[in-house]
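An overview of the molecular structure
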Number of protein chains: 2
Amino acid sequence: MNTITTVAFDADDTLWRNEEIFTHAQQRFFDLLTPYHDEDYIKSHLEKVQIDNISHFGYGIKGFTLSMIETAIGLTEGRINGYEIHQIIQLAKEMLKAPVEILDGVHDALASLKGKVQLMIITKGDLLDQEGKVARSKLAKYFDFIEVVSDKNPKTYSDLLDRYQIQKTEFLMIGNSLKSDILPVLDIGSNAIHVPYHSTWVHEQVDSKTLQNYDILEAKGMSRAMDLLLETYKFKGN
Amino acid sequence: MNTITTVAFDADDTLWRNEEIFTHAQQRFFDLLTPYHDEDYIKSHLEKVQIDNISHFGYGIKGFTLSMIETAIGLTEGRINGYEIHQIIQLAKEMLKAPVEILDGVHDALASLKGKVQLMIITKGDLLDQEGKVARSKLAKYFDFIEVVSDKNPKTYSDLLDRYQIQKTEFLMIGNSLKSDILPVLDIGSNAIHVPYHSTWVHEQVDSKTLQNYDILEAKGMSRAMDLLLETYKFKGN
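Before going into details, it helps to say that this report is about the structure given with it. (Residues numbered from 1 in each chain as written. Chains lettered and ligands numbered in written order. Predicted model: local features only at pLDDT ≥ 70, side-chain atom pairs only at ≥ 80, totals over all residues. Heavy atoms only, no water.)

1. A look at the overall build of chain A
Along its length, chain A carries 10 helices and eight strands. Over its C-alpha atoms chain A spans a radius of gyration of 19 Å, differing by no more than 12% from the 18 Å that the globule rule assigns to 238 residues. For chain A, the spread of C-alpha atoms along the three principal axes comes to 65 × 40 × 30 Å. Across chain A, every contact between residues at least 6 apart in sequence was considered, and the portion connecting residues at least 24 apart equals 71%. As displayed, chain A offers around 10,600 Å² of accessible surface, 49% of which is attributable to carbon and sulfur atoms. Put simply, chain A has 25 plus and 35 minus side-chain charges, and the middle of one group is 5 Å from the middle of the other. (Helix = DSSP H or I, 4+ residues; strand = E, 2+ residues; numbered from the N terminus. Rg over C-alpha atoms; globule rule 2.2 N^0.38 Å. Contact = heavy atoms within 4.5 Å. Areas by Shrake-Rupley, 256 points an atom, 1.4 Å probe, with all protein chains shown as cover. Lys, Arg positive; Asp, Glu negative; His and termini not counted. Charge placed at Lys NZ, Arg CZ, Asp CG, Glu CD.)

Laid out in structure tokens, this is it:
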């Protein structure tokens, strides 16, 4: 039974709803473009532009918005007009101000862990946007450290653990993305609990062959994740 | 004579050229819009949109690009077309890939400090973009820590010093922006050396009345900043 001294949480779709904000904005984007093309075509084109642009723009709303604008121009062969593009920029500003809706069981989970272990948020995306959501969530009081990273790979995690002088075996990550929150953490010999969200962005999906190499703890919801944590690990002092 | 254990550097326009990348992109943006308006008018409108959008988009190229697009739509009353807006998105991608040109004296300064003090970069802007520039600059080897922050105010600095357990009197910041790199650092009782750049973005300018309250060490160029550092402070062990 490993002893855990630090529990880190992913933020978007782990602590609070996020995917719906993108889905809703995306739907309004489709509505804007359906006079030009059908929805499935727009959707697959947007996904392609988004993934091509990650190396330029990273994750987050600003990059997503630039990808929507680029898609709109591409799909209309430049016929889209300024007013329509302005609506896309307005979508971005609305997304950036969207209320933060905490997921079930999160408050109880954090309250039960506070004081027993060091608590962190490790999230990727735009710095200002993620900091704003942490502030609006009112969850900051639970956390010792909040880290916004540009990507979540094994090196990201092992650099963070070095910086905070946390032993790899004593670190546990909880998150909804196998690709970002679970596999890279298991890769470095740390611990993880997967709390799936009802939908996963195509870019975050992992093929089943890769998954065969991993032994993954999975919990349906945060409250069940806490049960699993207590069953599987111990904390210093108990 | 204060003893310094940590020297932190701003990045853009302190370690490497940056303002020119924005100025160059801005000039191409003006060229795109001069069929509609004269340059001074476009410039003042863009500055206004940019400053209004900082709370939404923060600092950095993606936010700047969204502000250019918004300005273009506003100033042409929506007449700007998709191809013209696409050129603005292309500008963003070029800016994000621009070569990093290290400023005079920086390599020598870092080499002379390495091993004597802890070295940090503290920069604001988009996470991915700033990390990319650090990597392309090949300066990462000199630094113990690299921090990208969303804003540089007294709280940002005092939180960072707490996190790294650095005494305020033992910390010194070197940067080109009085507003971001110097005044907030002096406000918390730490030390700073101002290395002005030949141009300062209007949003980073400070009025002369505010400046009267501060005693500011200023150096023309990084090599002179090193002289001033050695004249004014001592390091542990010498």
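2. A word on the layout of surface pockets
Of the volumes computed, that of the largest pocket is approximately 1,500 Å³. In terms of lining, the largest pocket is formed by 42 residues, of which the most central are E147 and R163 of chain A together with E147, V148 and R163 of chain B. Contributions of two or more residues to the lining of the largest pocket are made by helix 6 (127-137), strand 4 (145-149) and helix 7 (154-163) of chain A together with helix 6 (127-137), strand 4 (145-149) and helix 7 (154-163) of chain B. Considering every element that reaches the lining of the largest pocket, the biggest residue donor is helix 7 of chain A, with six residues. Residues of the lining of the largest pocket, tallied by class, amount to 21 nonpolar, six polar and 15 charged. (1 Å grid on protein atoms, 1.4 Å probe; cavity = no way out; pocket = protein on both sides within 12 Å on 5 of 7 lines; lining within 4 Å. Points joined across faces, edges and corners; volume = space filled by probe spheres on them. Nonpolar A, V, L, I, M, F, W, Y, C, P; charged D, E, K, R; others polar.)

3. Quick word on unusual backbone geometry
Even without glycine at this site, Q165 of chain A takes up a positive phi of about 50 degrees. One non-glycine residue with positive phi stands out, namely D13 of chain B, at about 65 degrees. Its place among the elements puts D13 of chain B in the loop between strand 2 (6-9) and helix 1 (19-33). The buried category is assigned to D13 of chain B, whose relative accessible area is 6%. (Buried < 20%, exposed > 50% of the residue type's maximum accessible area, 1.4 Å probe, protein only.)

4. Quick look at the interface of chain A and chain B
With 38 residues of chain A at the interface, the matching set in chain B holds 38 residues. In total, about 3,100 Å² of surface goes out of reach between chain A and chain B, with carbon and sulfur atoms giving 68% of it. On inspection of chain A and its partner chain B, the count reaches six salt bridges. Taken together, the links from chain A to chain B amount to 18 residue pairs in polar contact (both at pLDDT 80 or more). Mapped by element, the contributors of at least two residues to the side of chain A that touches chain B are helix 2 (39-57), helix 3 (61-75), helix 4 (82-97), helix 6 and strand 4 of chain A. Among the elements that line the side of chain A that touches chain B, the one with the most residues is helix 4 of chain A, at eight residues. By residue class, the composition of the side of chain A that touches chain B is 18 nonpolar, 12 polar and eight charged. (Buried area = accessible area lost by both parts, 1.4 Å probe. Salt bridge = Lys/Arg side-chain N within 4 Å of Asp/Glu carboxyl O. Polar contact = N/O pair within 3.5 Å; in protein donor to acceptor, adjacent residues only side chain to side chain.)

5. Description of a negative patch on the surface
Residues and elements named next belong to chain A. There is a patch of like negative charges on the surface, built from D31, D38, E39 and D40. Its place among the elements puts D40 in helix 2. With relative accessibility at 61%, the residue D40 sits in the exposed group. (Patch = residues over 30% accessible without salt bridge, like charges linked within 9 Å, V, L, I, M, F, W, Y side chains within 5 Å.)

6. Looking at helix 6 of chain B
For helix 6 of chain B, the complete set of buried residues consists of L127, D129, Q130, K133, V134 and S137 of chain B. Summarising the contacts, the buried residues of helix 6 of chain B are in contact with strand 4 of chain A together with helix 3 (61-75), helix 4 (82-97), strand 3 (118-124) and strand 4 of chain B. Looking one or two residues past helix 6 of chain B, K138 of chain B carries a phi angle of roughly 60 degrees, positive in sign.

7. Side note on the nonpolar core
One finds F29, I69 and I85 of chain A together with F29, I69 and I85 of chain B to be the most contacted residues of the largest nonpolar core, which totals 52 residues. Among the secondary structure elements, those contributing two or more residues to this core are helix 1 (19-33), helix 2, helix 3 and helix 4 of chain A together with helix 1, helix 2 (39-57), helix 3 and helix 4 of chain B. Non-local contacts of I85 of chain B, meaning those with residues more than four positions away in its chain, are made with I69, I73 and I85 of chain A together with I69, I73 and I80 of chain B. (Core = buried A, V, L, I, M, F, W, Y, C linked by side-chain atoms within 4.5 Å.)

8. Observations concerning the relation of the copies chain A and chain B
For these two chains of identical sequence, chain A goes onto chain B by a turn of 180 degrees and a shift of 0.0 Å along the axis, with RMSD 0.0 Å. The operation mapping one copy onto its partner corresponds to a two-fold rotation axis. Judged by C-alpha distance, N81 of chain A is the residue of chain A that lies nearest the rotation axis, at 2.7 Å. Mapped onto chain B, 100% of the interface residues of chain A are again interface residues, and the two copies thus contact each other with one and the same surface. (Least-squares fit on C-alpha atoms with pLDDT ≥ 70 in both.)

9. Some words on the pattern of salt bridges
On inspection of all chains with the given rule, the structure shows 34 salt bridges over all chains. Residues E70 of chain B and K93 of chain A are paired through a salt bridge, measuring 2.9 Å at the closest nitrogen-oxygen approach. Remark: K93 of chain A occurs in helix 4 and E70 of chain B occurs in helix 3; the pair is interchain, linking two chains. The two residues E70 of chain B and K93 of chain A agree in class, both being buried. Of the charged contacts in the structure, one is a salt bridge between K236 of chain A and E170 of chain A, with a shortest N-O distance of 3.7 Å. In this pair, K236 of chain A is assigned in the segment after strand 8 (234-235) and E170 of chain A in the loop between helix 7 and strand 5 (171-175), connecting sequence segments 66 residues apart.

10. Some points on the packing of aromatic side chains
All names here are of chain A. All chains considered together, the criterion is met by eight aromatic pairs over all chains. A ring pair is formed by F145 and Y164, whose centres lie 4.4 Å apart and whose planes are at 45 degrees; its orientation type is tilted. Of this pair, F145 sits in strand 4 while Y164 sits in the loop between helix 7 and strand 5, and the two are 19 residues apart along the sequence. Exposure remark for Y164: the relative accessible area of 13% places this residue in the buried category. Above the plane of the ring of Y59 lies K124, whose end atom (NZ or CZ) is 3.9 Å from the centre. (Phe/Tyr/Trp six-rings, centres within 6.5 Å; stacked < 30°, edge-to-face > 60°. Lys NZ or Arg CZ within 6 Å of the ring centre and 35° of its normal.)

11. Structural notes on empty space enclosed by the protein
This structure, assessed with the given rule, holds four cavities of 30 Å³ or more. Within this model, the largest cavity holds a volume of roughly 80 Å³. Lining the largest cavity are K62, D126, L127 and L128 of chain A together with F57, G58, Y59, G125, D126, L127, V149 and S150 of chain B. Taken together, the residues of the lining of the largest cavity sort by class into six nonpolar, three polar and three charged. For the second largest cavity, the calculated volume is near 60 Å³. If you go around the second largest cavity, the residues you meet are F57, G58, Y59, G125, D126 and S150 of chain A together with K62, D126, L127 and L128 of chain B. In the lining of the second largest cavity, the residues fall into four nonpolar, three polar and three charged.

Nothing here speaks to function; it is geometry throughout.
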